[in-house]
Amino acid sequence: FENVNGLFNLDGHELIFSPRTYVKGAFAIWGQRGSSLPEKFIFAADILSPMSNSQKFGLALNIRRDHSALVFLIDPAEKKYSLGYWDGLLYHALVDWSDSEAVLGMLSTNRLMVECSQNEVSFIINGTVEEKVSLEEACNQGKLGVFILAPTWFISIDNPTLSYYK
């Protein structure tokens, strides 16, 4: 992982990602090899929910040089999720914040997963498919990572995986 607006600390086998103070939007970017991803892949990570009521975080696709990205976020305090676009400064929701029984509360680890097949994307929380969308260039441009929206506290990233399939 490399980071934008954050700091890393390794605690055993978990990666602790702490955003810098007073920033909006922090990335932990997966350092995959090569310039592009395959047409079909699954990207997942276990993320420990912080103790802050205002923390929203999740997975990022198509992280570009200007730090814009497609982001799949959860809000553990409200037990909601959203899908949107981070333009480098602001979050623009494509799917408004929606209730989810799959989101575990604060101080719980949530397994977030994105399954991409060309322009078809499934967003999965703890094994439950919450959204399936078709988006142009959703999967195979840019890099992957973990994103914190309006960071106020750290998150713990464990078991990040990138799987390819045919």
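Here, the structure is the one placed above.
Below you will find a few notes about this structure.

### Overview of the overall build of the protein
Consideration 1: A count of helices and strands for the protein gives zero helices and 14 strands.
Consideration 2: Start at the N end of the protein and walk to the C end: the helices and strands fall as β-β-β-β-β-β-β-β-β-β-β-β-β-β.
Consideration 3: Relative to its full complement of 166 residues, the protein shows a buried share of 48%.
Consideration 4: Taken as a whole, the protein presents about 8300 Å² of accessible surface, with 49% of it coming from carbon and sulfur.

### Concerning a nonpolar patch on the surface
Consideration 1: A contiguous nonpolar surface patch, about 300 Å² in accessible area, is contributed by Met-51, Met-106 and Leu-107.
Consideration 2: In this structure, Met-106 sits in the loop between β9 (91-99) and β10 (109-117).

### As for the nonpolar core
Consideration 1: By size, the foremost hydrophobic cluster in this structure holds 30 residues, and its most contacted members are Phe-41, Leu-61 and Phe-123.
Consideration 2: The set of elements that each furnish at least two residues to this core consists of β5 (40-48), β6 (56-63), β7 (69-75), β8 (80-86), β10, β11 (120-125), β13 (143-149) and β14 (155-164).
Consideration 3: With four residues, β5 is the largest single contributor of residues to this core.
Consideration 4: With residues up to four places along the chain from it excluded, the contact list for Phe-123 reads Leu-61, Leu-70, Phe-72, Leu-83, Met-113, Val-114, Thr-128, Val-129, Glu-130, Glu-131 and Val-133.

### Re unusual backbone geometry
Consideration 1: In this model, Asn-62 sits at a positive phi of 55°, which is unusual for a non-glycine residue.
Consideration 2: By the secondary structure assignment, Asn-62 is in strand β6.
Consideration 3: A relative accessible area of 6% places Asn-62 in the buried class.
Consideration 4: Backbone geometry places Lys-79, a non-glycine residue, at a positive phi of 55°.
Consideration 5: Note on placement: Lys-79 falls in the loop between β7 and β8.
Consideration 6: Assessed through its relative accessible area of 40%, Lys-79 is described here as partly exposed.

Definitions and limits used
- Residues numbered from 1 in each chain as written.
- Predicted model: local features only at pLDDT ≥ 70, side-chain atom pairs only at ≥ 80, totals over all residues.
- Heavy atoms only, no water.
- Helix = DSSP H or I, 4+ residues; strand = E, 2+ residues; numbered from the N terminus.
- Buried < 20%, exposed > 50% of the residue type's maximum accessible area, 1.4 Å probe, protein only.
- Areas by Shrake-Rupley, 256 points an atom, 1.4 Å probe, with all protein chains shown as cover.
- Patch = residues over 30% accessible without salt bridge, like charges linked within 9 Å, V, L, I, M, F, W, Y side chains within 5 Å.
- Salt bridge = Lys/Arg side-chain N within 4 Å of Asp/Glu carboxyl O.
- Core = buried A, V, L, I, M, F, W, Y, C linked by side-chain atoms within 4.5 Å.
- Contact = heavy atoms within 4.5 Å.

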